[in-house]
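Take a look at the letters that make up each chain.
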Amino acid sequence: MKGSLVALVTPMSADGAVDYAAVDRLIEWHLESGTAALVVAGTTGESATLDHQEHVGLIRYAVRQAAGRIPVVAGTGSNSTAQTIALSRAVADADIAACLVVAPYYNKPTQDGMFRHFTAIAEAVERPLILYNVPARTAVDLIPETVGRLAPNAGIGGFKEATGEVERVARLRGLCGRDFLLFSGDDATAREFMLAGGDGVISVTANIVPAEMAAMCAAALSGDAAEAARLDAPLGGLHEALFVESNPIPAKWALNRMNRIGQGIRLPLTWLSEAHQDQVAAAMGRAGLPL
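Since the model is a prediction, treat every value here as computed from it, not as a measurement.

K.L.:
Explanation requested: the nonpolar core in the structure shown.
P.N.:
In summary, soluble globular proteins display a tendency toward joint burial of nonpolar side chains. By size, the foremost hydrophobic cluster in this structure holds 84 residues, and its most contacted members are Val 40, Phe 118 and Ile 208. A per-element tally of this core places helix α2 (residues 52-66) first, with 7 residues. Setting aside residues up to four positions removed in sequence, Phe 118 forms contacts with Val 101, Val 102, Ala 103, Pro 104, Leu 129, Leu 131, Leu 142, Leu 150 and Ile 156. Counting residues in hydrophobic clusters, the runner-up holds 16 residues, among them Ala 7, Tyr 132, Phe 183 and Ile 202.

K.L.:
For this particular structure, what's the right way to read unusual backbone geometry?
P.N.:
Leaving glycine aside, a negative phi is the common case for residues, and trans is the common case for peptide bonds. In this structure, the amide linkage connecting Asn 247 to the following residue, Pro 248, adopts the cis form with an omega of 10 degrees. Residue Pro 268 is bonded to the preceding Leu 267 through a cis peptide linkage, with omega at 15 degrees. Considering the arrangement of structural elements, one finds Pro 268 in the loop between α12 (249-257) and α13 (274-286). Here Ala 139, not a glycine, exhibits a phi torsion of approximately 70 degrees, which is positive. Turning to its location among the elements, Ala 139 is positioned in the loop between α5 (135-138) and α6 (144-150). Here the phi dihedral of Asn 259 falls at roughly 60 degrees; this positive angle occurs in a residue that is not glycine. Here Asn 259 is to be found in the loop between α12 and α13.

K.L.:
How do you make sense of the packing of helix α9 (residues 210-221) against helix α10 (residues 225-232) when you look at a structure like this?
P.N.:
Packed helices, taken two at a time, are described by their axes: the angle between them and the distance between them. Direction vectors running N to C along α9 and α10 enclose 160 degrees, while the axes themselves pass 7 Å from each other. One finds that α9 runs roughly antiparallel with respect to α10. Here α9 runs over α10; the crossing is left-handed. Together, Ala 215, Met 216, Ala 219 and Ala 220 of α9 and Glu 227, Ala 228, Leu 231 and Asp 232 of α10 make up the contact between the two elements. Residues that form the contact of α9 with α10 fall into these classes: 6 nonpolar, no polar and 2 charged.

K.L.:
What is the right way to read the pairing of strand β4 (residues 98-102) from this model?
P.N.:
A regular strand places its side chains so that they alternate between the two faces of the sheet. Counting buried positions along β4 yields 5 of 5 residues, so the element is predominantly enclosed. Of the two faces of β4, the one lined by Ala 98, Leu 100 and Val 102 and the one lined by Cys 99 and Val 101 are each fully buried. As defined by bridge partners, strand β3 (residues 72-75) adjoins β4 across 3 bridges and the pair is classed as parallel. Residue Gly 75 lies in a different strand from β4, and its bridge partner there is Leu 100. This β-α-β element, β3 to helix α3 (residues 81-91) to β4, shows right-handed connectivity. The pairing of β4 with strand β5 (residues 129-133) spans 4 bridges and is classified as parallel. Bridging from a neighbouring strand, Cys 99 pairs with Leu 129 of β5. Running through helix α4 (residues 111-124), the crossover from β4 to the neighbouring parallel element β5 is right-handed.

K.L.:
I keep staring at the sheet that holds β5 and nothing clicks. Help me out?
P.N.:
Each strand in a sheet pairs with its neighbour through backbone hydrogen bonds, running either in the same direction (parallel) or in the opposite one (antiparallel). Ordered by their spatial adjacency, 8 strands build a closed barrel running β1-β2-β3-β4-β5-β6-β7-β8, and the pairing between neighbours is parallel. The mean inter-strand angle of the sheet, taken between neighbouring strand axes irrespective of direction, is 25 degrees. Across 3 bridges, the pairing between strand β1 (residues 3-7) and strand β2 (residues 37-40) is parallel. When the bridges of β2 are listed, Val 6 appears paired with Leu 38.

Conventions we followed
- Residues numbered from 1 in each chain as written.
- Predicted model: local features only at pLDDT ≥ 70, side-chain atom pairs only at ≥ 80, totals over all residues.
- Heavy atoms only, no water.
- Core = buried A, V, L, I, M, F, W, Y, C linked by side-chain atoms within 4.5 Å.
- Buried < 20%, exposed > 50% of the residue type's maximum accessible area, 1.4 Å probe, protein only.
- Helix = DSSP H or I, 4+ residues; strand = E, 2+ residues; numbered from the N terminus.
- Contact = heavy atoms within 4.5 Å.
- Axes fitted to C-alpha atoms, helices over the stretch in contact; angles between N-to-C directions.
- Parallel < 35°, antiparallel > 145°, perpendicular 65-115°, else oblique.
- Left-handed = near helix turned anticlockwise from the far one by under 90°.
- Nonpolar A, V, L, I, M, F, W, Y, C, P; charged D, E, K, R; others polar.
- Pairing = 2+ DSSP bridges.
- Right-handed = clockwise from strand over helix to strand, strands pointing away.

Have a look at this one:
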């Protein structure tokens, strides 16, 4: 499970209901495009606004539709250890490759608190965990040294690092070992992350240009820095524009413009403002997408 893993949006109709027919279409598109895995019901999938039944149902549905053709990683993290365990257990009997578990947000635990949080989850859940560090959203930083303490746990198999600090890769690799999977969570620096020894990216940009992201990742993982840079150059505008408003607002707008999903998003997120639509459209054009 290396290369371009898509942080899949959750398609919705105008009233906010999950659009399962569009989920089907997105899965088939990613299969055709060479995406390495689907990350379902993560931040980009608006997990914060899915109730428990929807959350479990969406993951199970994606697993059924993928039918073993592509790995599915289930976003099951929260800021509650008990709730994370309950949600992870609720999908553990599905054919998921791993659970993506975010660092606890809002309550701002210490490093020891996070160590105990992830250890408790790993001991309670039969599927492997991919830990997820995104301080911009959680207000807490899961530092490399704490990840290194967690890496020997047999229930923890990888780490998504979304700080954009590429210099952390060498520290993480040295602390965690060669077999521990390291994923970038920052599209703008993902190429450098892989060239520095990472294993791939859990990507927002891959929602819009999956084949292009898969090709860039393949070049980076092979060590071909020049080819990876050439393939990444047209995508640079997307890496930036897809975050002009909170993710997944721009990604959903772009996919709607591409006629791949409907115009649905859940409050408190809103549709992309007119002030930013030209920027996202221009980035799509530079990436070679028909407008």
